[in-house]
Every structure is written in C-alpha cells, then in structure tokens.
Amino acid sequence: MSAINASELYLPGIIAIFSASLYYFLIQPAILSPLVKVPKAHWSCSISPAWILRARFDGRENRTLYEAHKQLGPIVRVGPNELSINNIEAVKTVYQGGFDKHQWYSVFDNFGVPCMFSSVQGKHHSARKRIVSHVYSKSYINTSASLAAQSDVILNSRLMPLLDSSTSESQIPHGLDVHSLFCAVAMDFISAYCFGIRRSTNFIQNKAYREHWLKLYTTRKGYGFFAQELPLLSKVANYLGVNLTPDWVTATNRELESWCKKLSDATVTALQKAENVTPNTADDPVVVRAILSGFEKEKANGPESPIYSTAILQPELSVASEVFDHVLAGQETTGVALTYLSHHLSQSLDLQRLLRTELLSLKPNLSLQQGKIATSDSKQLDNLPILHAMIMETVRRYAPAGGPEPRVTPSPSCNIGPYEVPGGTRVSASAYNIHRDENIYPDPEKWDHTRWLSAEAVDRSRKHVDKQFWGFSSGGRMCLGSNFVMHDMKLTIAAIYSNYTTHIVNDEGIEQTDAYTGHPKSNSLYIRFEKLA
Ligand code: HEM
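Residues numbered from 1 in each chain as written. Predicted model: local features only at pLDDT ≥ 70, side-chain atom pairs only at ≥ 80, totals over all residues. Heavy atoms only, no water.

- As annotated in an unreviewed UniProt entry, the protein carries the name Uu.00g124510.m01.CDS01 and comes from Anthostomella pinea.
- Per UniProt, the protein has the following entry under Cofactor (unreviewed entry): "heme". (UniProt positions renumbered as here; feature names shortened; annotations may be inferred.)

**Quick notes on empty space enclosed by the protein**
- Summed over all chains, the structure comprises 4 cavities of 30 Å³ or more.
- Roughly 60 Å³ of volume is contained in the second largest cavity.
- When contributions to the lining of the second largest cavity are tallied by element, the ones reaching two or more residues are helix 5 (122-132), helix 13 (286-298) and helix 15 (315-346).
- A per-element tally of the lining of the second largest cavity places helix 5 first, with 3 residues. (1 Å grid on protein atoms, 1.4 Å probe; cavity = no way out; pocket = protein on both sides within 12 Å on 5 of 7 lines; lining within 4 Å. Points joined across faces, edges and corners; volume = space filled by probe spheres on them. Helix = DSSP H or I, 4+ residues; strand = E, 2+ residues; numbered from the N terminus.)

**Quick look at the sheet that holds strand 10 (residues 526-531)**
- If you walk across this open sheet you meet the 3 strands as 4-10-9, and the pairing is antiparallel. Two strands lie at the open edges of the sheet, namely strand 4 (176-177) and strand 9 (500-506), each paired on one side alone.
- Where strand 4 meets strand 10, 2 bridges bridge the pair, whose relative direction is antiparallel. Its bridge partner lying in strand 10, Asp-177 is registered against Tyr-526. (Pairing = 2+ DSSP bridges.)

**Concerning the sheet that holds strand 2 (residues 82-85)**
- Strand order in the open sheet made by the 5 strands is 1-2-8-5-3, with mixed pairing throughout. Each edge of the sheet is formed by a strand with only one pairing partner; in this case those strands are strand 1 (75-79) and strand 3 (100-101).
- The pairing of strand 1 with strand 2 spans 4 bridges and is antiparallel. Within the sheet, the bridge partner assigned to Ile-75 lies in strand 2 and is Ile-85.

**Notes on the environment of Thr-64**
- Tracing the sequence through the fold places Thr-64 in helix 3 (residues 61-72).
- By relative accessible area, which is 15% here, Thr-64 ends up buried.
- With sequence-adjacent residues up to four places away left out, Thr-64 is seen in contact with Trp-51 and Ala-55.
- A polar atom in the side chain of Thr-64 sits 2.4 Å from the backbone oxygen of Arg-60. (Buried < 20%, exposed > 50% of the residue type's maximum accessible area, 1.4 Å probe, protein only. Contact = heavy atoms within 4.5 Å. Polar contact = N/O pair within 3.5 Å; in protein donor to acceptor, adjacent residues only side chain to side chain.)

**Describing the packing of aromatic side chains**
- Summed over all chains, the structure comprises 28 aromatic pairs.
- A centroid spacing of 6.4 Å and a plane angle of 85 degrees characterise the contact between Tyr-66 and Tyr-432, whose relative ring orientation is edge-to-face. Of this pair, Tyr-66 sits in helix 3 while Tyr-432 sits in helix 19 (residues 431-434), and the two are 366 residues apart along the sequence.
- Overall, the relative accessible area of 14% leaves Tyr-66 in the buried class. (Phe/Tyr/Trp six-rings, centres within 6.5 Å; stacked < 30°, edge-to-face > 60°.)

**So, the UniProt feature "binding site: heme" (unreviewed entry) in the protein**
- Mapped onto the present numbering, the UniProt feature "binding site: heme" (unreviewed entry) falls on Cys-479.
- On the secondary structure map, Cys-479 appears in the loop between helix 20 (455-468) and helix 21 (482-497).
- The exposure class of Cys-479 is partly exposed, given its relative accessible area of 32%.

**Here we look at the side chain of Asn-142**
- Summarising the element assignment, Asn-142 is placed in helix 6 (residues 138-143).
- The buried category is assigned to Asn-142, whose relative accessible area is 18%.
- Beyond its immediate sequence surroundings of up to four residues, Asn-142 is in contact with Ser-378, Lys-379 and Asp-382.

Here it is in structure tokens:
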C-alpha cells in the first residue's frame, strides 16, 4: 500500500521537475526568449553559458569576442542570458543609461564592505561617489597644492635620483625594470593623495617591499574566476568542504587588505588628532579627509542613508575599503600604460625627439636644474598636444582596463539597438573591442599617436576619435581617477623625456595578456636610461 502511494507521488513530481527544467533551460531561452533574434556567437549560447565561460577561464575572452563581433555585428548573444555589445550607440544606451552593475563586481568588496567600484545598485553608488568625486575633478587636480607638493617629493626626491643612479657604468648593462618601477610610481602617487606623503608608500625607493607586494598582487590575479563567474557553485563547493579558490589566494588577499588597513587607520587617527595633516601640504591626506567629512555629513540622513549600515556604522572599514580600491585601481593600470608608452618611445629616437621638443617648450620646462625639476604647472602640461596624443593612443591600443564591463538590463525590458532585451540580462562592452573599430581607428593594432593629431582628426573626425575612446569607460560609472591618472602619467613622462633618452634592453614577454586588466605577459620591461648631454 505504502509503495503504491510513494510511486504515485514520485512520478508526477519527477515529471513536473523535468518539464519545468525543459521549459526553463531549453524552451524558454532557445525558443521563447526575445534574445533569440540576436545573432549567437556559438550554437550553444542560447542554452548554455559554457562557451563564454570557457573563453574567460582560458584567458581569451577579449579576442574571442572580437572575432564574434567581426563575424556577427555589434550585438551578439554569448549566453542564454548574456549579450556582448560593440558599438558606441549601444554603449550609450547601457552605460549612459545608468544600468546597474552586475553582481560580478561584488568580489571587489574589501573587508566585506562595498566600495564605490563594487557597489551594484545605483543609489548606493551615487551616495559614495558624491562624497569623494570632487577631489578627483580636473579643476581640483590641476590646482591642488597638496598634489603639487606630493608630486614634487615623488619626482625630485625619489624618481629622478633613481634614474640618475641607473646611468652609472655598473648599472648600464642591466637597465631598469620599468614595469615594476612605473607600478611603484603610480602607487606612490595615488597612496600619497589618499594618505598624505608621510603615511604613504615609498615603492620607488623601497624595491624589496615593492617586489614582495607586486608578487602578492600579481600571483593572486586570475584566481577570481569561480567566485566571480560561478558564485553559486563556489558557495556549494565551499559548503561541501571544497574550496575552488586556493587557500593561499585568500591568505594573500588578507595580507594585502591588512597592509592597506594599517595605512588607512593611521591616516584616520592622524586626522582625528589633527597631527601632521596640514591642508595644502604634501602630508595632506586629501582623499581620506574628503571621505571622512562626507561620512560626517551623511550621518544627518540617519538610517535613511543608503550607506548607513556601512559608512555610518562601520566608518573605519568603509574608509579602508574605499581607499584600498583606489590604490589597487590606480597602480597596475597606470603602470601598464606607462610601460607600453615607454616601450614605443624607446623604439624610436625620432619619436623621443619630437616629444622632447614639445616638452622643452614649457615655461618653465622640466629639465633638471641643480638636480631638480619644476613640477608645478599642471595646466600647461595638460595642454601639450603630442604628449596628450601619445598617452591617449597608448590607453587606446593597450587599454589597461580593457575587458568587458558587465551591467544588468532594467526590468521589465529595454531596447538595445534593434532588439528588445528582457530585464536582468547581463550586457557588456569592452574598451578592447570598442578601440578596434576600423572605421574610427584604421589599422587598429598599430600604435600611431598621429591619429589624435592629424589635420583630419583635428578638423573633421577628431570628435569621432574622442567619442569612441573608452579607456576610462563612460557614464555614471566611468573611472573616478581619470583626471588624476592623466596628470600623474603626463608628469612622469615629461620628467623622464625632458632629461633622458631611453633604450630597450629586454622586452621579452611584452605582449599584453587577455584579461579584464591586461598587463605584459612577463610583467617586466627592461629599459636603459641615458642622460641628455
Ligand atoms: C590608466 C589608468 C586607469 C585606467 C585605464 C582606468 C580605467 C577604468 C575603467 C575602464 C573603469 C570602469 C570599469 C568598469 O566599470 O568595469 C574604471 C573605474 C574606476 N576607476 Fe579607474 N582607471 C585608471 C586609473 C584609476 C585611478 C588612478 C583611480 C584612483 C582613484 C581609479 C579609480 C577608479 C574607480 C573608483 C572606478 C569605479 C568608478 C565607479 O564605479 O563610479 N582608476 N577605471
């Protein structure tokens, strides 16, 4: 009697589950979804994300999507619930349209607390961005006495002496690993701006710690796949005692977090005690000061504030989470851009001469006078067309944050290009692909700074060249640090090429990896510096 009852119950249950699965995983995505009208990158894409997941796992996502768009056009289905887009009109719809970020970004929470970059929902993000964006505006950067004083220390007391010592007879044959050095320069700039110079890093001079830190940073990269792309599987595996992210990666992340927490806590304490934090000096912790003052104002909104449970109830962790993101966002991306620019310059003395002629037209220029350079006139530097063109071309060709930036379509649906797209669909564009549009950037693999300078570019299609540039993304979630980084890259290149010529010693492994943030495969580039007579 009981056996008959069980099968009577089980069979319909099994049929119901089978039918629901058939509908949910096969009929709906492959036949009924409005996405069926979008060209598929692979036959399996309407029923399985395996094709795109495999490309991501293998580190060939950017190239794979490039080929897919070349064959199938600007909007391509890459999974049952996922699109890749590759034209500037579709980019406007998604990125200027304020679509929320995908959960993919949650792995960028630090200390378990979201930062601006990792905030998924628009209102959480806006509350965080409001607090700090003014100190990253172009006008603030160009007129900040604190940043000018910090730049002076970083260039005159650290970088220029180091370059000088690299020209001694015994050092010449080896050259300097400029990839490591430029990551150090970038870290010193951004950490000084966050914490004030006395509490910031000195990676330029402290090579041993810098190498340790960079090793921690680079070796853990690439281990985020399961947590980011398959979070549910990761959690289930974890529950069953299988950790898909190796323990040493978790330990490395903890070490980096605690390194930043110490710097951040020391800065918060110094501000609370008003010790060595004088505004408008090199010791001014511009970013942490702005965040704390923003949190103080946000308190007035009480529990109504979207960031009440973090910024108001856990201010120290929230400050640390925010600045940890700034130093991580700023160091490798900037280091990569400076590495590729110096690589191109080092292959052509003519290019160096051209740049130098422009640099020496500055008044005052940055050539060494009694061992020091003048670092103060940011506005003049910002307006140099050749320097600007070379940096733009480098960020175009070697987009340091060039991978897909996933967003989620709003409910119930929206239109992207000619297609109706249901709410909750993952949709991404990438600088890697947007920057390879041959109509705007002919021969896109070629590094050619003149595409930003030619009469044609300036008179007619300059707007297109600029409009298509997506190295810092666009819309409300575009890079917070774009003005800061343009400033520190221009200053660094100007300081070097006003005083040195550079020559390649070893560029093995200079090819860029295919990743969200691509870098030279070898993580190195050896260059020799020769002082100008
Ligand atoms: C060459 C250097 C840099 C490049 C190429 C770059 C590029 C980008 C890109 C493409 C995004 C959008 C990413 C996405 O949505 O997936 C972004 C966002 C961001 N970047 Fe940068 N970045 C650079 C340097 C910096 C620096 C120095 C900072 C320091 C503050 C910074 C802070 C941020 C932050 C906080 C966001 C998130 C903004 C938001 O969600 O509103 N970046 N960056």
